[in-house]
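These are the residues of each chain, in order.
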Amino acid sequence: MTHDLLIRNVALPDGRVGCDVLIGDGRIVEVAPSLAATAARTLDGGGLLLAPPFVDAHFHMDSVLTYGMPRVNRSGTLLEGIALWGELKPTLAQDAIVERALAYCDWAVAKGLLAIRSHVDVCDPRLLAVRALLQVREQVKPYLDLQLVAFPQDGVLRSPAALDNLKRALDLGVDVVGGIPHFERTMAEGAASVRLLCELAAERGLRVDMHCDETDDPSSRHVETLAFEAQRLKLHGRVTGSHLTSMHSMDNAYAAKLIALMVDAGLSAVANPLINITLQGRYDSYPKRRGMTRVPELQAAGVPVAFGHDCVMDPWYALGSADMLEVAAMGLHVGQLTSAVQMRGCFDAVTSVPARILGLDGYGLAPGCRADCVLLQARTPIEAIRLRAQRLAVIRAGRVIARTPNATARLEMPGRPTQVDFTH
Ligand SMILES: [Zn+2]
């Protein structure tokens, strides 16, 4: 029997080397050294790393590539970003949102990022961004899984009609219930919003992913309520707290109790290192807090922690290129995750962990999984992070959909090799 694709001689993220990967009907058929099989197409892996695709558990595709519209964020704070987005919203057009989102999805595919959970602002009564991203979700389906979160950016209780709009967005097919309790008017309303939104998710059988406690204020403790509601409503494994930056500034004794509650409730966490290392600590003089949530402590307790990109060229962040290895590298540095096991974990935080948080079906490189994978110009996951390795080939359902040439430098020095690549 002839299969679709045979990838020869690759290393795998679990440490196996010299493996062949056989693909047929869009699925992984077999993974073993020196397979005696034939396929319509063969790809030489050259001993390099073949990984499942990158997954971004936290993104904002409705604001992507709007940097400078209508002006830039001068203070660099979350709050000015929200105000700026509020100025921009009335001027948005559906076609332009679609066009920018599709341009970003092209970048994502080229970087081997084939699944994204994007929050979409539901506070605009026209639901313009929602309609745009639902259109994009359908359009990109053959090559990228886009999951949408109904996100009440201006506060589900603070903004009139936000709850109604959020329900309409879910009726239209948005996948996940979002929230932003730290932006509601009071702590009490923040807690009420968490309760209300978790109940809505439980009623509709949906997952929850809230922007939660994205502040340096240690008294912002909405994640405690999120854990409580997840447990009360039996949403174990279906609730994610995004950002959770107030945990950085909490008292250790309280944080220890809180992390145990999060474990009991089956909560997941998403840290967004590129964004929070720039947004947090803006009200500090010196020392300036880093602001990222307690990643190693959460991981040690067994909470699944993913790293998200969050923003690319928008009111909150001027940089970014859909490169989840850049995200992993920043998370590694900010969290001081420098042991070999921790660095390896940073690769998981942009691949297998977010795949689990999104509930992706058939993710991975085991036989039977969807044949989605990325050939990287690196030999190990740690080397991939170190080099922000080139994505030599991106494969979706057994078909190569993007290629990038090897990164090599040419030396022109007598007595030295002419070609240098940075793998080791
Ligand atoms: Zn966000």
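Residues numbered from 1 in each chain as written. Predicted model: local features only at pLDDT ≥ 70, side-chain atom pairs only at ≥ 80, totals over all residues. Heavy atoms only, no water.

Quick notes on the overall build of the protein
- The secondary structure content of the protein amounts to 14 helices and 18 strands.
- On C-alpha atoms alone, the protein measures out to a radius of gyration of 22 Å, which is about the 22 Å that the 2.2 N^0.38 rule sets for 424 residues.
- By its C-alpha atoms, the protein is 65 × 45 × 45 Å across when sized along the principal axes.
- Taken over 424 residues, the protein has a buried fraction of 57%. (Helix = DSSP H or I, 4+ residues; strand = E, 2+ residues; numbered from the N terminus. Rg over C-alpha atoms; globule rule 2.2 N^0.38 Å. Buried < 20%, exposed > 50% of the residue type's maximum accessible area, 1.4 Å probe, protein only.)

Some details on the environment of alanine 318
- Within the secondary structure layout, alanine 318 lies in the loop between strand E13 (305-307) and helix H11 (324-334).
- Judged by relative accessible area, which is 31%, alanine 318 ranks as partly exposed.
- Setting aside residues up to four positions removed in sequence, alanine 318 forms contacts with Tyr67 and Met313. (Contact = heavy atoms within 4.5 Å.)

As for unusual backbone geometry
- The residue after methionine 69, namely proline 70, is reached through a cis peptide bond having omega -10 degrees.
- Residue position: proline 70 is located in the loop between strand E6 (54-60) and helix H1 (78-88).
- Cis rather than trans, the peptide bond between tyrosine 286 and proline 287 has omega equal to -5 degrees.
- If you trace the backbone, proline 287 turns up in the loop between helix H9 (273-279) and helix H10 (295-301).
- A positive phi angle is found at alanine 322, which is not glycine, with a value near 65 degrees.
- Looking at alanine 322, the relative accessible area reads 0%, which means it is buried.

Details of helix H4 (residues 162-172)
- Where H4 is concerned, the buried positions are Ala162, Asn165, Leu166, Ala169 and Leu170. The buried residues of H4 all sit within an arc of 140 degrees when viewed along its axis, so they share a single face. Facing away from the buried side of H4 by over 90 degrees, the exposed positions are Asp164 and Asp171.
- Buried residues in H4 make contact with helix H3 (128-140), strand E8 (145-151), strand E9 (176-177) and helix H5 (187-204).
- Positive backbone phi, at 120 degrees, marks glycine 173, one or two positions downstream of H4. (Arc of directions from axis to C-beta.)

Considering the state of the cysteines
- On inspection of all chains with the given rule, the structure shows zero disulfides.
- Counting only cysteine sulfurs, cysteine 373 is the nearest neighbor of cysteine 19, a cysteine outside any disulfide, at a range of 13 Å. (Disulfide = S-S within 2.5 Å.)

Things to note about the side chain of threonine 66
- With respect to the helices and strands, threonine 66 occurs in the loop between E6 and H1.
- In this structure threonine 66 touches Leu88, Arg100, Met313, Asp314 and Pro315, once residues within four positions along its chain are discounted.

Here we look at the coordination of the zinc ion
- In the first shell of the zinc ion, the protein supplies His58 (NE2), His60 (NE2), His211 (NE2) and Asp310 (OD), at 2.1 to 2.6 Å from the metal.
- Seen from the zinc ion, its four donor atoms lie at angles of 86 to 177 degrees, and the figure they make is irregular.
- If you list the donors of the zinc ion from N- to C-terminus, the spacing comes out as H-x1-H-x150-H-x98-D. Comparing histidine 58 with histidine 60 shows no difference in burial state: the two are buried. (Donors = N, O, S within 2.8 Å, 3.2 Å for Na, K, Ca; no water. Tetrahedral: all angles 85-135°; square planar, octahedral: opposite > 155°, others 65-115°.)

Description of the packing of aromatic side chains
- Applying the stated rule across the entire model yields four aromatic pairs.
- Measuring from ring centre to ring centre gives 4.5 Å for phenylalanine 59 and tyrosine 104, while their planes differ by 10 degrees; the resulting arrangement is stacked. Placement of phenylalanine 59 in strand E6 and of tyrosine 104 in helix H2 (residues 94-110) is noted, with a sequence separation of 45 residues between them.
- Here tyrosine 104 falls in the buried class, since its relative accessible area comes to 0%. (Phe/Tyr/Trp six-rings, centres within 6.5 Å; stacked < 30°, edge-to-face > 60°.)

Here we look at the sheet that holds strand E15 (residues 391-396)
- As summarised here, the arrangement of the four strands in space is E5-E14-E15-E16, forming an open sheet in which the pairing is antiparallel. Unpaired on one side and paired on the other, strand E5 (49-51) and strand E16 (399-403) mark the two borders of the sheet. Between one strand axis and the next, the sheet turns by 20 degrees as a mean value, whatever way the strands run.
- The pairing of E5 with strand E14 (residues 373-376) spans three bridges and is antiparallel. Residue pairing in the sheet places alanine 51 in a bridge with valine 374 of E14. (Pairing = 2+ DSSP bridges. Axes fitted to C-alpha atoms, helices over the stretch in contact; angles between N-to-C directions.)

What to know about the sheet that holds strand E2 (residues 19-24)
- Taking strand neighbours across the sheet as the criterion, the four strands line up as E3-E2-E1-E4 in an open arrangement whose pairing is mixed. Every other strand in the sheet has two partners, leaving strand E3 (27-32) and strand E4 (38-44) as the edge strands with one partner each. Here the strands of the sheet are splayed against their neighbours by 20 degrees on average, with no regard to which way each runs.
- Where strand E1 (residues 2-10) meets E2, four bridges bridge the pair, whose relative direction is antiparallel. Across the sheet, residue valine 10 finds its bridge partner in E2, namely cysteine 19.

A look at the environment of glutamate 326
- As for its placement among the helices and strands, glutamate 326 is situated in helix H11.
- Residues within four places of glutamate 326 in sequence aside, it is in contact with Leu274, Gly320, Ser321 and Arg388.

Digging into the pattern of salt bridges
- The tally for this structure, following the rule as stated, stands at 24 salt bridges.
- A salt bridge links arginine 370 to aspartate 145, with the shortest nitrogen-to-oxygen separation between them at 2.8 Å. Linking arginine 370 in the loop between helix H13 (352-358) and E14 with aspartate 145 in strand E8, this pair joins segments that are 225 residues apart in sequence.
- Notably, a salt bridge pairs glutamate 383 with arginine 386, separated by 3.0 Å at the nearest N-O pair. Of the two residues, glutamate 383 and arginine 386 are both situated in helix H14 (residues 381-387); the distance of three residues between them amounts to about one turn of the helix.
- Beyond isolated ion pairs, a larger network of salt bridges with shared partners links Arg137, Glu138, Lys141 and Asp175. (Salt bridge = Lys/Arg side-chain N within 4 Å of Asp/Glu carboxyl O.)

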